[in-house]
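Residues per chain are reported as follows:
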Amino acid sequence: MADDRASGFQAGQTGLIVRIPEAEPSVRGWRELFDPSARAGVPAHVTVLFPFLNEGRIDALVHSVLADVLGSHPAFDLRFERCGRFPGVLHLVPEPDTQLRHLTEAIADRWPEAPPYGGRFAEVVPHLTIAQGQEDAVLEEIEADLATRIPFTAHVSSVELIVHDGTKWQERASFALGG
């Protein structure tokens, strides 16, 4: 959920994420300091789609369709071996990212009114945000530390629906990927 500020989160906003618990030992401290989404309760993750539908639009039918769409995609493994940068953002690069892109495309195709990142970017690049809004020297320090903590592999078997309650992000549902 890069490029969002804690003050920009609104009650009722939702997102679909892939949790990466394997990253927590390496990134938690840095994310707590330099990623507003971490301070707002979001675990280490790769965003599948943000923002998704407003919470008021998510009913039993949306849950059912999400389960069907996501269940049609197989579980997969990701490897995190290196850092990447966007302007002012340091992130870990998931490889391969093909399955993540397919998940994003499938959800965005089903709900075109919810384009990834509100349609702000021509291409969506899967990533695990570590820090944003910092000077290059800070990002370089973090990257040097992370170089001693990677690589690691993560198994992805579900996608989580998270909702902002006005204060924190909370998990509302988990959708299993196919076997």
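This one's a predicted model, so the numbers in the text were calculated from it and none came from an experiment.

## Describing the overall build of the protein chain
Helix and strand counts for the protein chain stand at five helices and eight strands. Counting from the amino terminus, helix and strand elements in the protein chain follow one another as β-α-α-β-α-β-β-α-β-α-β-β-β. The principal-axis extents of the C-alpha atoms in the protein chain amount to approximately 45 × 35 × 30 Å. Restricting to contacts in the protein chain with at least 6 residues of sequence separation, those with at least 24 account for 77%. Approximately 8100 Å² of the protein chain is accessible, and the part contributed by carbon and sulfur atoms is 50%. Here the protein chain contributes 15 positively and 26 negatively charged side chains, and the mean placements of these two sets differ by 3 Å.

## Details of the sheet that holds strand β5 (residues 128-132)
One open sheet accounts for four strands, arranged β5-β4-β3-β6; its pairing is antiparallel. Looking at strand neighbours, the two that pair on one side only are β5 and β6 (152-156), the edges of this open sheet. The mean angle between the axes of side-by-side strands here comes to 35 degrees, regardless of whether they run parallel or antiparallel. Here four bridges tie strand β4 (residues 89-95) to β5, and the two strands are oriented antiparallel to one another. Each residue of the ladder has a partner; that of Leu-92, found in β5, is Leu-128.

## Topic: the confidence of the model for the protein chain
The pLDDT averaged across the protein chain works out to 94; a share of 96% of its residues lies at or above 70. Taken together, the stretch residues 1-7 has pLDDT below 50 and engages in 26 contacts with residues farther than four places along the chain or on a different chain.

## Quick notes on the sheet that holds strand β8 (residues 169-176)
Spatially, β2-β1-β7-β8 is the arrangement adopted by the four strands of the open sheet, whose pairing is antiparallel. The strands lining the two open edges of the sheet, one partner per strand, are β2 (45-49) and β8. Averaged over all pairs of adjacent strands, the angle between their axes in this sheet comes to 35 degrees, without regard to strand direction. Relative to β2, strand β1 (residues 14-19) runs antiparallel, the two sharing four bridges. Across the sheet, the residue bridging to Ile-17 is Thr-47, located in β2. Sheet strands touched by helix α4 (residues 98-110): β1, β2 and β7 (158-164). Its angle to β2, the strand with the most contacts, is close to 30 degrees.

## Some points on the environment of Val-27
One can find Val-27 in helix α1 (residues 24-34). Residue Val-27 is classed as buried on the basis of its relative accessible area of 0%. Put simply, Val-27 and Gly-88 are 61 residues apart on the chain and 17 Å apart in space, counted from C-alpha to C-alpha. Ignoring any residue separated from it by four or fewer positions in sequence, one finds Val-27 in contact with Ala-44, Leu-92, Leu-128, Ile-130 and Leu-146.

## Some words on the packing of aromatic side chains
Scanning the entire structure with this criterion turns up six aromatic pairs. The interplanar angle of 70 degrees and the centroid separation of 5.9 Å between the aromatic rings of Phe-50 and Trp-169 together place this pair among those described as edge-to-face. Taken together, the residues span a long stretch of sequence, with Phe-50 in the loop between β2 and α3 (60-71) and Trp-169 in strand β8 at a distance of 119 residues. Aromatic side chains Phe-80 and Phe-152 sit 5.1 Å apart centroid to centroid with 20 degrees between the ring planes, which places their arrangement in the stacked category. Remark: Phe-152 occurs in strand β6 and Phe-80 occurs in strand β3 (residues 76-86); sequence separation between them is 72 residues. Classification of Phe-80 by relative accessible area gives buried; the value is 0%. These aromatic residues form a ring-pair network of at least three members: Phe-9, Phe-50 and Trp-169. Above the face of the Trp-111 ring, Arg-110 is positioned so that its terminal group lies 4.8 Å from the ring centre.

Reading the values: the criteria
Residues numbered from 1 in each chain as written. Predicted model: local features only at pLDDT ≥ 70, side-chain atom pairs only at ≥ 80, totals over all residues. Heavy atoms only, no water. Helix = DSSP H or I, 4+ residues; strand = E, 2+ residues; numbered from the N terminus. Contact = heavy atoms within 4.5 Å. Areas by Shrake-Rupley, 256 points an atom, 1.4 Å probe, with all protein chains shown as cover. Lys, Arg positive; Asp, Glu negative; His and termini not counted. Charge placed at Lys NZ, Arg CZ, Asp CG, Glu CD. Pairing = 2+ DSSP bridges. Axes fitted to C-alpha atoms, helices over the stretch in contact; angles between N-to-C directions. pLDDT = per-residue confidence, 0-100. Buried < 20%, exposed > 50% of the residue type's maximum accessible area, 1.4 Å probe, protein only. Phe/Tyr/Trp six-rings, centres within 6.5 Å; stacked < 30°, edge-to-face > 60°. Lys NZ or Arg CZ within 6 Å of the ring centre and 35° of its normal.

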